[in-house]
Each structure stands twice: as structure tokens, then as C-alpha cells.
Amino acid sequence: MPTDIAKDYREARSVFNSSPRSAAALLRLCVQKLCIELGEPGKDINKDIGSLVAKGLSPKVQKALDVVRVVGNEQVHPGTLDVRDNPEIAAKLFALVNFIVDDQISKPKLIDELYQKIPDDKLKGIKDRDKPKV
């Protein structure tokens, strides 16, 4: 998890027991910062998620992003979903943020690191194999 996002995540974890609402709002901030990390402007989280979807984002990741976005928004704006009534929802947001980071940052980083260790002659073979057929 990027350092700046991890700081907000840890803060959310530290306030969860005393304020699930605050934790949910902080996790929503984590998602907004994750969208920036994924190349989006970060001004409008809903538009950022839509842009990621248009670029091929997995439907599962989209749902996870939207759950954290909507639940987090509901905590700072008058709405119908208040995690004070159901703190288990706020607790599950932590798992969703971890899922998003793992899918969009950790796994791609691991794959890229290992792919770079493939010998050059093998990489050339892979590129030749995957060239568009004319």
C-alpha cells in the first residue's frame, strides 16, 4: 500500500472502535487516493471510478471501490446508511480496501518484478509470439 494511503488506513484502524463513521470516511479517502495512484485526477471519485471502468477495470474491483465510496460518503453527508447502526459494515470496508490494493497495486508490482527477471532471449520470444499476425 502506498505510504500516504497506508497512513490514512492506519488512522482509520485506530479510530474504528470509537468511531466507525470516522473510519469509514477515512477509508473512502483511501479509495480516492488509490484512484489517483491508478492515474486518475482525484477531483471526483465517482468519475475516477467510471474512468477506470472504461479502461477495463475488473467489475469486482469496481464494486469494491463503489462500496467504500458510497458507505464513506454516507458518513459525512446526511444519508440513509449510518455505520453507527451497523459497525460490521465499516469493519468490512478494511477488507475491501486491502482487496483493491492487492489487485491493483501489489499483484501487478509482483508480476512486473518477476517478469523483468526473464532473460532477454526469452522476452524476445514472448514478444515475437505475441506480435499481431498480419
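Basis of the calculations
- Residues numbered from 1 in each chain as written.
- Predicted model: local features only at pLDDT ≥ 70, side-chain atom pairs only at ≥ 80, totals over all residues.
- Heavy atoms only, no water.
- Core = buried A, V, L, I, M, F, W, Y, C linked by side-chain atoms within 4.5 Å.
- Buried < 20%, exposed > 50% of the residue type's maximum accessible area, 1.4 Å probe, protein only.
- Helix = DSSP H or I, 4+ residues; strand = E, 2+ residues; numbered from the N terminus.
- Salt bridge = Lys/Arg side-chain N within 4 Å of Asp/Glu carboxyl O.

**Student:** Quick question: what am I supposed to make of the nonpolar core here?
**Tutor:** In this structure, Leu27, Val31, Leu34, Leu65, Phe94, Val97 and Ile100 are the most contacted members of the largest nonpolar core, which totals 28 residues. Residue assignment for this core shows that the elements contributing at least two residues are α1 (3–15), α2 (20–37), α3 (45–54), α4 (59–76) and α5 (87–115). Top element by residues in this core is α2. It accounts for 8 residues.

**Student:** Looking at this structure, I do not really get the pattern of salt bridges. What am I missing?
**Tutor:** Pairing of side chains with opposite charge becomes possible as their charged atoms draw close. What the rule picks out here adds up to 8 salt bridges. Ionic pairing is found between lysine 33 and aspartate 8, a salt bridge with its closest N-O pair at 2.5 Å. Of this pair, lysine 33 sits in helix α2 while aspartate 8 is found in helix α1, placing the two residues 25 residues apart along the sequence. Note that aspartate 128 and lysine 124 form a salt bridge whose closest N and O atoms lie 2.8 Å from each other. Here aspartate 128 and its partner lysine 124 are both found in helix α6 (residues 120–130), 4 residues apart, which amounts to about one turn of the helix. Ionic contacts of the salt-bridge type, sharing partners, join the residues Asp4, Asp8 and Lys33 into one network.

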